[in-house]
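# Coordinate analysis (summary)
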Amino acid sequence: MAGAHGPSSDAADDEVTPETASTILPTESPTLVWVGLGAGLLAFEVGALATFLVAILSDTLAAASLPGVGFVEGIEAAARQLPTLLSRETVPNEGYWNGQRWVGTFLGLRPEVAWGIRVALVYLYALAVAGWAVLGYRLYRREYRAADWTPRDDVIDRFRNHGWGLFGLAVVFMFVVMAVFAPALGPTTVDKNMRNSYDNELTYWDAETDSVETILVGEANLASQSRGDGEERVGPMEYDDFGRFHPFGTLPTGRDLFTFIAVGSRISLVIGLLSVGLSVGVATSLALIGAYYKGRVDLGMVLVSDGVMAMPQLLLLIMLTTVLKDTWVAGLYSGAFLLALIFAFTGWTYMWRSLRGPALQVSERQWIDAAKSFGQRPRTIMRQHMLPYITGYLLIYGSMTLGGAIIAIAGLSFLGLGVSPPTPEWGRAVNLGQEYVDTGSWHISLIPGLLITLVVTGFNALGDGIRDAIDPRSDAAGSDADDGAAAGRGGGA
Amino acid sequence: MSDEPLLSVRDLEVVFHTERERIHAVDGVTFEIREGQTVGLVGESGSGKSVTARSILGLVDEPGRIEGGEILYRGEDLTEDNWADHRGDIAIVFQDPTNSLNPVYTIGNQIEEALRIHQDLRGRAATDRAIELLEDVGIPDAPRRVDEYPHQLSGGMAQRAVIAMALACDPDLLVCDEPTTALDVTIQAQILDLLAELQAEQDLAILFITHDMGVIEDATDWVNVIYAGEVVERAPTEALFDHPAHPYTRALLESIPGRTDPDERLPTIEGEVPTPTGPATDCRFAPRCPEAFEDCRSVAPEHVSLDGDRSAACLLHDPARSDGGERQ
């Protein structure tokens, strides 16, 4: 985006008014162009977006057993008709070899190439969206914001020079894109490959009989298991006997590991975001209220949070997942919602502890008294005059706690708790591959394990980066980095 | 002047509860302000000036509490939780302008916040009024400044903006808590002039809280000298400077540079303000008082009326205690 304030505006400097000369888009109405670009980008994915939104609505209705399910299902069917350019239907990778060429794949390419193209397109699209957002921010900064400079600009500049933070941002970006576009990224789908594998058929080239045959996916999976060495495995970047490409190899059940991981990333992210979002909400409100009213209110909160902290988190998780097993809460999103609730209930205390100090500090500032003196409502004072000063801390701790939540979810699935099978979860993949780590099927545990480590490191790195960026005393270039550790290290789960 | 004072503080007691002791930060402060009058409250650091100011606005935070006395605004006692009804009638200007403006909002935003609450102005009308207010407090180029952030203003300009913010509430009483202390001397004079001007134009009453006797002499009509949570002397400004009645006032006046012979060492008051932890049983200034005598250590002095309206809480003026009678 750096080159966006392009040559034409420089060249036309003499004629144009100062406002247009300063735009970052070489046009008279940069906002319109920006909105147009956004609409264009959205058009690629409008079908997927509509399907997703309607699906959430119908899930909620079904879970709460409200009327109107039939109606929403109608909309869902309609939403599926909307075009989605980045879908697996547009760039298919599933096909078969008919003796001369590949049938059913994108442009008749080999499945791995077709899949690679789709993944590349998805990531390019995501980058384009990110670029569009950056462009929008720059546009706002140049055109709409009254001030030439605000302290936030420095924060962004410091972050841009923070290598470790940028690494974290990149990892988190890759992870989020994987989660958002999970159905389009996998070489196959959860429904076809796992949930209903015996209801779906597969066409393949049988080398022994030299003919095109069909087989149930479930049966094909049985013949593609990774349970040892040599013939007993389908490793990363290999084809199985049925012409199916497996970027990360197969699970011991013969299912596709990449699909499993892509969809698993979605559930990790959803639980992570939901639990961190809830705990951030609770922690922020309590921190602000406690800092505003002080005294007994604050003391009460200390007692409550100490009480919650004293509960053993793991035991509570095991107990609640068992007790609530057959309730409707546990049914929401394969139990992910319940997990998020429990994480939020136990997690807000740590977040609140970290926010309490900064909130108390802000509450002593004189502009709070000034606002009180002219009769501003307490809630408005908390929101307008205190909240902006702890959002930085929220980002830091939120980012770090998210990493912690992802590890915790994976850990629970590894133990066989939490998200119920067959919904994919990274920790379960690690668990499934345990027995085979010392064989040729090492990939089953290793790949998800490495990914968990990478993603959690990424979230922590992002948190570190944000913290250093927010602290004006820290020098992102690193000349006196130890001076700026004021905002407090750690804070993860 | 009308009969009823605009604000009357009577026997105000503010106590801070700490784990070990109860600190009587304000211990029986009594004074009043009439409409359009400028009243000074002068004393050293720790004497309870600021706590008094905060009490008037209902801003005393935990662990402090108003435990006695009344604050009558037009005859209505604010300490019975009536602050909400008079928000905006009393406005405050704090010491450090850069700290009383929220750095994340523009000047205009913050003035408009007050305008929205007190004058129900929004949008364009609020911005226009904010610009007017900024012009009233002498900020040049107000239409541009209204969109600037606090860090873009100098200290003096920021204090003007803070005053504009206070005026946005359309107050009858402006409490200025050391409004010039954080500013350099030339700017101080400008702000004092501005306040005098505003007072004349808008018939504002001003409570001026400071430790600076020079500022008191310039700006106020009437002075209350506060020491260790008590008002020890109250008098019209001129009379106080001409004939200080309380030894503490005398000591304060002597320690102003320029009032003594330039060749002499500037006198200081030895020791520091005590922290009152219980009801007064003696004169709290006695340990530092050059004129203290026997009774000063065993009797808490009451206010004694002197000529005019003035009074002083000193045994030197109590005919029953002191043989000195009225010394001036």
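Remember, it's a predicted structure, so these values are computed and weren't measured experimentally.

### A closer look at the sheet that holds strand E1 (residues 7-17) of chain B
Residue and element names in this part refer to chain B. Pairing is antiparallel in the open sheet, where 4 strands are placed in the order E2-E1-E4-E5. Strands at the two margins of the open sheet, each flanked by one partner only, are strand E2 (22-33) and strand E5 (76-77). Packing of helix H1 (residues 49-56) onto the sheet brings it into contact with E1, E2 and strand E4 (64-73), and relative to E1 it is tilted by some 110 degrees.

### Considerations on the confidence of the model for chain A
On average, chain A scores 81 in pLDDT, and the residues at 70 or more come to 88%. Predicted confidence is poor over residues 1-22 of chain A, with pLDDT under 50, and the contacts of this stretch with residues over four places away or in other chains come to 21 contacts.

### Quick word on the domain arrangement of chain B
Residues and elements named next belong to chain B. Examined at the domain level, chain B breaks down into domain 1 (7-89 + 172-273) and domain 2 (99-170). Inter-centroid distance (C-alpha atoms) of domain 1 to domain 2 is 26 Å. Contacts between the two partners involve 14 residues from domain 1 and, on the opposite side, 12 residues from domain 2. For the pairing of domain 1 and domain 2, the buried interface totals around 1,000 Å² over both sides, and the portion due to carbon and sulfur atoms is 67%. One can count 0 salt bridges joining domain 1 with domain 2. The interface formed by domain 1 and domain 2 includes 3 residue pairs in polar contact (both at pLDDT 80 or more). Looking at the side of domain 1 that touches domain 2, the element that brings in the most residues is helix H7 (residues 185-202), giving 7 residues. Looking at side-chain class alone, the side of domain 1 that touches domain 2 contains 9 nonpolar, 3 polar and 2 charged residues.

### A closer look at the pairing of strand E3 (residues 201-206) of chain A
Residue and element names in this part refer to chain A. Along E3, the buried face is formed by Leu202, Tyr204 and Asp206; none of Glu201, Thr203 and Trp205, which line the opposite face, is buried. The sheet contact formed by E3 and strand E4 (residues 211-216) spans 6 bridges and is antiparallel. Looking across to E4, one finds that Tyr204 is bridged to Glu213. The antiparallel hairpin formed by E3 and E4 contains 4 residues in its connecting segment, where Asp210 sits at a positive phi of about 55 degrees.

### A few points about unusual backbone geometry
All names here are of chain A. Positioned with a positive phi, Leu107 is a non-glycine residue whose angle comes to about 55 degrees. For Leu107, a relative accessible area of 71% corresponds to the exposed category. We note that Met237 has phi near 60 degrees; this positive angle belongs to a residue other than glycine. Examined against the element boundaries, Met237 turns out to sit in the loop between helix H10 (217-222) and strand E5 (238-239). By relative accessible area, Met237 is classed as exposed at 51%.

### Some words on the pairing of strand E9 (residues 222-227) of chain B
Residue and element names in this part refer to chain B. Among the 6 residues that make up E9, 6 are buried, leaving the element largely enclosed by the rest of the structure. On E9, burial covers both faces: Trp222, Asn224 and Ile226 on one face and Val223, Val225 and Tyr227 on the other are all buried. Note: strand E3 (residues 38-42) against E9, 4 bridges, orientation parallel. Note that in E9 the partner of Leu41 across the bridge is Asn224. Pairing of E9 with strand E10 (residues 230-236), which is carried by 6 bridges, proceeds in the antiparallel orientation.

### Some words on the sheet that holds strand E7 (residues 173-177) of chain B
All names here are of chain B. Spatial strand order, E6-E7-E8-E3-E9-E10-E12-E11: 8 strands in an open sheet with mixed pairing. Among the strands making up the open sheet, the edge pair consists of strand E6 (90-93) and strand E11 (304-305). On top of the sheet, H7 reaches E3, E7 and strand E8 (205-210); it is set at about 160 degrees to E8, its chief contact.

### Quick look at a positive patch on the surface
Where like charges cluster on the molecular surface, the positive patch consists of Arg377(A), Arg379(A), Arg383(A) and Arg116(B). With respect to the helices and strands, Arg116(B) occurs in helix H3 (residues 107-119).

### Things to note about a nonpolar patch on the surface
Together, Leu42(A), Leu49(A), Phe52(A), Leu53(A) and Ile56(A) line one region of the surface with nonpolar side chains, adding up to about 450 Å² of accessible area. Looking at the element boundaries, Phe52(A) is found in helix H3 (residues 30-63).

### Considerations on the packing of helix H16 (residues 366-373) of chain A against helix H17 (residues 378-414) of chain A
Residues and elements named next belong to chain A. Following both chains from N to C, one finds H16 and H17 inclined at 175 degrees, their axes separated by 10 Å at the closest point. For the element pair H16 / H17, the angle class is roughly antiparallel. Contact residues: H16 offers Trp367, Ile368, Ala371 and Lys372, while H17 offers Ile381, His385, Met386 and Tyr389. In the contact of H16 with H17, the residues fall into 6 nonpolar, 1 polar and 1 charged.

### Points about the side chain of Gln199(B)
Residues and elements named next belong to chain B. Relative to the helices and strands, Gln199 resides in helix H7. For Gln199, a relative accessible area of 13% translates into the label buried. A polar contact is formed between the side chain of Gln199 and the backbone oxygen of Leu204, at a distance of 3.1 Å. Gln199 has contacts with Gly36, Gln37, Thr38, Leu204, Ala205 and Ile206, leaving out every residue within four places of it along the chain.

### Description of the confidence of the model for chain B
Residue and element names in this part refer to chain B. The predicted model of chain B has a mean per-residue pLDDT of 84, with 96% of residues at 70 or higher. E3 holds the highest mean pLDDT among the elements of chain B, 91, whereas E11 holds the lowest, 82. Low pLDDT, under 50, characterises residues 324-328; the stretch is placed with 10 contacts to residues that sit more than four places away or in other chains.

### Quick word on the packing of aromatic side chains
Throughout the structure, instances matching the rule amount to 19 aromatic pairs over all chains. Ring centres 4.9 Å apart and planes at 65 degrees place the aromatic pair Phe248(A) and Phe258(A) in the edge-to-face group. With Phe248(A) in the loop between strand E6 (245-246) and helix H11 (257-293) and Phe258(A) in helix H11, this residue pair connects regions lying 10 residues apart in the sequence. Accessibility assignment for this pair places Phe248(A) and Phe258(A) in one class, buried. Measuring from ring centre to ring centre gives 5.0 Å for Tyr248(B) and Phe285(B), while their planes differ by 65 degrees; the resulting arrangement is edge-to-face. Pair noted here: Tyr248(B) is in helix H10 (residues 247-254) and Phe285(B) is in the loop between H10 and E11, with a separation of 37 residues, a long-range link. A relative accessible area of 0% means that Tyr248(B) is categorised as buried.

What counts, and where the lines are drawn
- Residues numbered from 1 in each chain as written.
- Chains lettered and ligands numbered in written order.
- Predicted model: local features only at pLDDT ≥ 70, side-chain atom pairs only at ≥ 80, totals over all residues.
- Heavy atoms only, no water.
- Pairing = 2+ DSSP bridges.
- Helix = DSSP H or I, 4+ residues; strand = E, 2+ residues; numbered from the N terminus.
- Contact = heavy atoms within 4.5 Å.
- Axes fitted to C-alpha atoms, helices over the stretch in contact; angles between N-to-C directions.
- pLDDT = per-residue confidence, 0-100.
- Domains from an automatic or database assignment.
- Buried area = accessible area lost by both parts, 1.4 Å probe.
- Salt bridge = Lys/Arg side-chain N within 4 Å of Asp/Glu carboxyl O.
- Polar contact = N/O pair within 3.5 Å; in protein donor to acceptor, adjacent residues only side chain to side chain.
- Nonpolar A, V, L, I, M, F, W, Y, C, P; charged D, E, K, R; others polar.
- Buried < 20%, exposed > 50% of the residue type's maximum accessible area, 1.4 Å probe, protein only.
- Patch = residues over 30% accessible without salt bridge, like charges linked within 9 Å, V, L, I, M, F, W, Y side chains within 5 Å.
- Areas by Shrake-Rupley, 256 points an atom, 1.4 Å probe, with all protein chains shown as cover.
- Lys, Arg positive; Asp, Glu negative; His and termini not counted.
- Charge placed at Lys NZ, Arg CZ, Asp CG, Glu CD.
- Parallel < 35°, antiparallel > 145°, perpendicular 65-115°, else oblique.
- Phe/Tyr/Trp six-rings, centres within 6.5 Å; stacked < 30°, edge-to-face > 60°.

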